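Results of the structural survey
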Amino acid sequence: YLAANSRMHTDMTIMFTGDADTDFMRGMIPHHQGAIDMAKVVLEHGSDPEVNALARAVISAQESEIAMMKAWLVKRGA
């Protein structure tokens, strides 16, 4: 869990463009990926069914949002 959290924070350190929309999208992708990675740790090592259900929901939502953000960046040429 610590490794996933550390990787997320490292990857969130982006070169800022000064464009709030672009910077938000570029920073949120690793943030969302970090949530996915941490949720996978819970699925592998956790035991609470409610937490596991939340982790599965987080993975599904965050993967969808990452795809949207990546498409937005491509469309924007960022």
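None of these values were measured; they are calculated from a predicted model. (Residues numbered from 1 in each chain as written. Predicted model: local features only at pLDDT ≥ 70, side-chain atom pairs only at ≥ 80, totals over all residues. Heavy atoms only, no water.)

Looking at the side chain of histidine 32
Quick note on the threshold: The secondary structure listing takes helices from DSSP runs of H or I that are at least 4 residues long and strands from runs of E that are at least 2 residues long, numbered from the N terminus. Classification of residues uses two cut-offs on accessible area relative to the type maximum, computed with a 1.4 Å probe and protein chains only: under 20% is buried, over 50% is exposed, and between them is partly exposed. Only heavy atoms enter the contact rule, under which two residues are in contact if any of them lie within 4.5 Å.
Considering the arrangement of structural elements, one finds histidine 32 in helix α2 (residues 20-45). The exposure class assigned to histidine 32 is buried, which follows from its relative accessible area of 7%. Every residue in contact with histidine 32, bar those within four places of it in the chain, is listed here: Gln62, Glu65, Ile66 and Met69.

Digging into the packing of helix α1 (residues 2-11) against α2
When two helices pack together, you describe them by how their axes are tilted relative to each other and by the distance separating the axes. As a reminder, the rule being used: Inter-axis angles, ranging from 0 to 180 degrees, are taken between N-to-C directions of lines fitted to C-alpha atoms, where helices are fitted over the stretch in contact. Our angle categories are set so that under 35 degrees counts as roughly parallel, over 145 as roughly antiparallel, 65 to 115 as roughly perpendicular, and the remainder as oblique. Amino acid classes used here: Ala, Val, Leu, Ile, Met, Phe, Trp, Tyr, Cys and Pro are nonpolar; Asp, Glu, Lys and Arg are charged; the rest, including Gly, are polar.
At a minimum axis separation of 8 Å, α1 and α2 run at an interaxial angle of 175 degrees. One element, α1, and the other, α2, form an angle in the roughly antiparallel class. When α1 is examined against α2, the residues Ala4, Asn5, Arg7, Met8 and Asp11 are found in contact with a partner set consisting of Pro30, His31, Gly34, Ala35, Asp37 and Met38. For the contact of α1 with α2, the residue count by class is five nonpolar, three polar and three charged.

Comments concerning the environment of serine 6
Mapping serine 6 onto the fold places it in helix α1. For serine 6 and glutamine 33, which are 27 residues apart along the polypeptide, the C-alpha to C-alpha distance reads 12 Å.

Observations concerning the nonpolar core
To keep it simple, the criterion reads: The set of buried Ala, Val, Leu, Ile, Met, Phe, Trp, Tyr and Cys residues whose side-chain atoms join them within 4.5 Å is what this entry labels a nonpolar core.
Membership of the largest hydrophobic core is limited to 10 residues, which are Met25, Met28, Ile29, Ile36, Ala39, Ala55, Ile59, Ile66, Met69 and Leu73. For this core, the secondary structure elements donating two or more residues are α2 and α3 (49-76).

Topic: the pattern of salt bridges
Rule in force here: Salt-bridge detection follows one rule: a side-chain nitrogen of Lys or Arg within 4 Å of a carboxyl oxygen of Asp or Glu.
All told, the structure shown has three salt bridges when counted by the stated rule. Between aspartate 37 and arginine 7 there is a salt bridge, and its shortest N-O distance comes to 3.6 Å. Highlighted residues: aspartate 37 in helix α2 and arginine 7 in helix α1, separated in sequence by 30 residues. Given the relative accessible area of 18%, aspartate 37 is considered buried. Classification of arginine 7 by relative accessible area gives partly exposed; the value is 42%. Salt-bridge contacts for aspartate 21 lead to arginine 76; the nearest nitrogen and oxygen are separated by 3.9 Å.

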